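Below are the chains, spelled out letter by letter.
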Amino acid sequence: MEVKFNKPYIAGNELEYIHDAMHRKTSGDGYYTKQVTKLIEDTFHVHKAFLTTSCTSALEMACLLLGIKDGDEVIMPSFTFPSTANAVLLRGGKCVFADIDHTFNLDLNDVKRKITSKTKAVIVVHYASASCDMDELMALASKYDFYVIEDAAQAVNATYKDKYLGTIGDIGCFSFHETKNYSCGEGGALLINKKQHHLIKQAEIIREKGTNRADFNRGNAEFYTWVSIGSSYLPSELLSAHLLAQLEQIEEINQLRKERFEYYKQKLKKFSDDGMLKIPHITRHNHINYHMFYVILNSKNERNELMKFLQENQVDAYFHYVPLHQSPQNRKLNSHIETLKMTEDIVDRQLRLPLYPSLSLKEIDYVVSLMEDYLNNRNKK
Ligand SMILES: *Cc1c(COP(=O)(O)O)cnc(C)c1O
């Protein structure tokens, strides 16, 4: 049996909507982009959403919008995808990497130690769709006067104290990449969470190559022209059409992922009770979207051996990330690399298992039986 790591979900209406979009208009901000934007705003109670070509571009837009510039410090976890950091570097800002805690989300005690007068923002990453204590982070933000950007790439449709992740900080960023829960291949969204008219206006301009095209289209400008720095961050209607079909089935997709997540949990409980591995720990404040299932082994060696054993048996299992503070790019920028204990430890012992809506329970049984083989044989040695 071969078990792939990820398979894209097919909702069913994608081709019909894409076909329809081809007859309407294929560039951005047409019928389908409007439908998806409204669906996102209504479903997640977002003040204003903008579809983008990726979460990466949403993060870049966020840093442009908040005016991150040379000399500004932005605190973020080291345990994240490079896009979180690139957005800051591209504006000339400085990435300050903080550690994570046992939930794999930002360790707010480490964040507190790293706040300085130059701290302009904190980018919080909602790892595996859980979060840190957002109430505490928002309290720190008002006390020390910095922005909060949520990298909610993995956290679409997940909540903290019944508020949707991505809608709590100043700006939220979603991903609709193929590997995420709801997808159009490559896509994302920028969420503006406060009634800040100037930010919304500026986001429209930045996203449309620095022009006032949105105003022009509404009939509020005689012609459209270059009014500010910007880029092209809007997706084609074909992608929006694809995404609409997916988001129309948001609950069905969530349910399928949940069943598989819970099945892993139930099957692996005996190993976790025996202390052979750990399974995800979710705080009572978080409702996750079942984006990811991972286990934490007791040592790096065990993790590497188990990963190899699974791969030899045609099961795709991986770990991530290479911590950003230890990356070649960060070494180019900083001669002194500090130790981030939890991050370095988790990266050594984590193993992610296949999880997607079409994964069968039989396939999960196979993955778990291989894990059982490995763990039992190991214990005999
Ligand atoms: C996937 C991911 C991204 C990048 O998303 P894209 O839509 O592929 O640009 C950024 N941050 C995190 C935490 C992610 O998991």
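Above this text sits the structure in question.
Residues numbered from 1 in each chain as written. Predicted model: local features only at pLDDT ≥ 70, side-chain atom pairs only at ≥ 80, totals over all residues. Heavy atoms only, no water.

### So, the environment of Thr33
Relative to the elements of secondary structure, Thr33 occurs in helix H2 (residues 31-44). A relative accessible area of 2% places Thr33 in the buried class. With 210 residues separating them in the primary sequence, Thr33 and Leu243 have C-alpha atoms 9.0 Å apart. Other than its neighbours up to four places away in sequence, Thr33 contacts Gly28, Leu51, Arg207, Pro235, Glu237 and Ser240. (Helix = DSSP H or I, 4+ residues; strand = E, 2+ residues; numbered from the N terminus. Buried < 20%, exposed > 50% of the residue type's maximum accessible area, 1.4 Å probe, protein only. Contact = heavy atoms within 4.5 Å.)

### Some thoughts on the packing of helix H3 (residues 55-65) against helix H4 (residues 82-89)
Relative orientation of the contacting elements H3 and H4 amounts to 30°, with a least axis distance of 8 Å. With respect to H4, the element H3 is oriented roughly parallel. At the point where H3 passes H4, the crossing takes the right-handed sense. Note on element contacts: H4 touches H3 through Ser83, Thr84, Ala87 and Val88, opposite Thr56, Leu59, Glu60 and Cys63. Within the contact of H3 with H4, the residues separate by chemical class into 4 nonpolar, 3 polar and 1 charged. (Axes fitted to C-alpha atoms, helices over the stretch in contact; angles between N-to-C directions. Parallel < 35°, antiparallel > 145°, perpendicular 65-115°, else oblique. Left-handed = near helix turned anticlockwise from the far one by under 90°. Nonpolar A, V, L, I, M, F, W, Y, C, P; charged D, E, K, R; others polar.)

### So, the packing of aromatic side chains
Enumeration according to the criterion identifies 18 aromatic pairs in this entry. Residues Tyr31 and Tyr32 carry aromatic rings whose centres are separated by 4.8 Å and whose planes lie at 90° to one another, so their mutual orientation is edge-to-face. Residues Phe44 and Tyr164 carry aromatic rings whose centres are separated by 5.0 Å and whose planes lie at 70° to one another, so their mutual orientation is edge-to-face. Of this pair, Phe44 sits in helix H2 while Tyr164 is found in strand E7 (residues 163-164), placing the two residues 120 residues apart along the sequence. Each member of the aromatic cluster is reached from another via a ring pair, and the members are Phe79, Phe104, Tyr127, Tyr294 and Tyr321. Here the guanidinium or amino end of Arg24 rests over the ring plane of Tyr31, the centre of that ring lying 3.8 Å away. Of note, Arg303 hangs over the ring of Phe319, and the distance from its end group to the ring centre comes to 3.9 Å. (Phe/Tyr/Trp six-rings, centres within 6.5 Å; stacked < 30°, edge-to-face > 60°. Lys NZ or Arg CZ within 6 Å of the ring centre and 35° of its normal.)

### Digging into the sheet that holds E7
Across a sheet, paired strands are connected by hydrogen bonds in the backbone, their directions being either parallel or antiparallel. Within the open sheet, the 3 strands sit side by side as E7-E6-E11. Their pairing is antiparallel. Bordering the open sheet on either side are E7 and strand E11 (286-287), each of which pairs with just one other strand. (Pairing = 2+ DSSP bridges.)

### Quick look at unusual backbone geometry
Residues other than glycine predominantly adopt negative phi, and peptide bonds predominantly adopt the trans conformation. Along the chain, His320 connects to Tyr321 via a cis peptide bond; the corresponding omega equals -10°. As for its position among the elements, Tyr321 is in the loop between helix H11 (300-312) and helix H12 (328-333). You will see that Asp145, though not glycine, has its phi angle at about 55°, which is positive. By the element assignment, Asp145 lies in the loop between helix H6 (134-144) and strand E5 (147-151). Phi angles above zero are rare outside glycine, and Gln314 is one such case at about 65°.

### So, the site of the ligand
Among the 14 residues in the neighbourhood of the ligand, the closest are listed as Cys55, Thr56, Asp151, Ser175 and Lys180. In the environment of the ligand, an oxygen atom lies 2.5 Å from a nitrogen or oxygen atom belonging to the side chain of Thr56. Contacts to the ligand include Asp151, whose side-chain N or O atom sits 2.8 Å from a nitrogen atom. Out of a free accessible area of 380 Å², the ligand has 93% covered by protein chains. Of the residues assigned to the shell around the ligand, the class counts are 5 nonpolar, 7 polar and 2 charged. (Near = heavy atom within 4 Å. Polar contact = N/O pair within 3.5 Å; in protein donor to acceptor, adjacent residues only side chain to side chain. Areas by Shrake-Rupley, 256 points an atom, 1.4 Å probe, with all protein chains shown as cover.)

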